[in-house]
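Survey of secondary and tertiary structure
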Amino acid sequence: MKKIYHLATCDTNKRILKELNLSDEFIKQDIKKEPISAKELGKIHELSGSYEAIFSKRARLYKERDLKNKNLAESDYKNLLLEHYTFLKRPVLINGNEIFIGNSKNVVVSAKESLK
């Protein structure tokens, strides 16, 4: 599978998409317009190894709900990810059996290498 989950309104995601210059083989899913399904989240989980790994602790709702002071289990992360798109660390790029999560420089560099 060749797919990227992103937020079209996010300037950082726009910059990364432009930098990656993805081929037409890639499916681009704007998670605000087309939320991630449980099946899609399952595939991401399979590749990433945990729901916490794909969960954004920078999300506004994370702070508003004071989730940092709660002891969240994997099932909690999964439910929150399915509940609202802002909880997904983005972008999430799937290139075959490889997954790249987030917008750190190291992740973007690794994703670019994978695309060559």
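One can find the structure itself at the top, above this paragraph.
How each quantity is defined
Residues numbered from 1 in each chain as written. Predicted model: local features only at pLDDT ≥ 70, side-chain atom pairs only at ≥ 80, totals over all residues. Heavy atoms only, no water. Phe/Tyr/Trp six-rings, centres within 6.5 Å; stacked < 30°, edge-to-face > 60°. Helix = DSSP H or I, 4+ residues; strand = E, 2+ residues; numbered from the N terminus. Buried < 20%, exposed > 50% of the residue type's maximum accessible area, 1.4 Å probe, protein only. Salt bridge = Lys/Arg side-chain N within 4 Å of Asp/Glu carboxyl O. 1 Å grid on protein atoms, 1.4 Å probe; cavity = no way out; pocket = protein on both sides within 12 Å on 5 of 7 lines; lining within 4 Å. Points joined across faces, edges and corners; volume = space filled by probe spheres on them. Nonpolar A, V, L, I, M, F, W, Y, C, P; charged D, E, K, R; others polar. Patch = residues over 30% accessible without salt bridge, like charges linked within 9 Å, V, L, I, M, F, W, Y side chains within 5 Å. Areas by Shrake-Rupley, 256 points an atom, 1.4 Å probe, with all protein chains shown as cover. Lys, Arg positive; Asp, Glu negative; His and termini not counted. Charge placed at Lys NZ, Arg CZ, Asp CG, Glu CD.

Turning our attention to the packing of aromatic side chains. Enumeration over the complete set of coordinates arrives at three aromatic pairs. Judged by centre distance (4.9 Å) and plane angle (65 degrees), the ring pair of F55 and Y77 falls under edge-to-face. On the criterion of sequence distance, the pair formed by F55 in the loop between α2 (38–48) and α3 (60–64) and Y77 in helix α4 (residues 74–83) is long-range, its members being 22 residues apart. Neither residue differs from the other here; F55 and Y77 are each classed as buried.

With the rule as written, the count across this model stands at nine salt bridges. For E64, the salt bridge goes to R60, with nearest N and O atoms at 2.9 Å. With E64 and R60 both in helix α3 and four residues apart, the pair spans about one turn of that helix. With respect to burial, E64 and R60 carry one shared label: exposed. Among the charged side chains, a network of salt bridges with common partners joins R15, E19 and K112.

Let us now look at the layout of surface pockets. Of the volumes computed, that of the largest pocket is approximately 280 Å³. Looking at the lining of the largest pocket, its residues break down into four nonpolar, seven polar and four charged.

Bringing a positive patch on the surface into the picture now. Taken together, R58, K63, K68 and K89 make up a surface patch of like positive charges. Among the structural elements, K63 can be located in helix α3. Overall, the relative accessible area of 55% leaves K63 in the exposed class.

The residue after R90, namely P91, is reached through a cis peptide bond having omega 0 degrees. In this structure, P91 sits in the loop between α4 and β3 (92–95). Not every positive phi belongs to a glycine, and N21 is a case in point at roughly 50 degrees. Mapping N21 onto the fold places it in the loop between α1 (11–20) and β2 (27–30). Not every positive phi belongs to a glycine, and D66 is a case in point at roughly 55 degrees. Following the sequence through the fold, D66 ends up in the loop between α3 and α4. A residue is classified by how much of its surface remains accessible, and D66, at 37% relative accessible area, is partly exposed.

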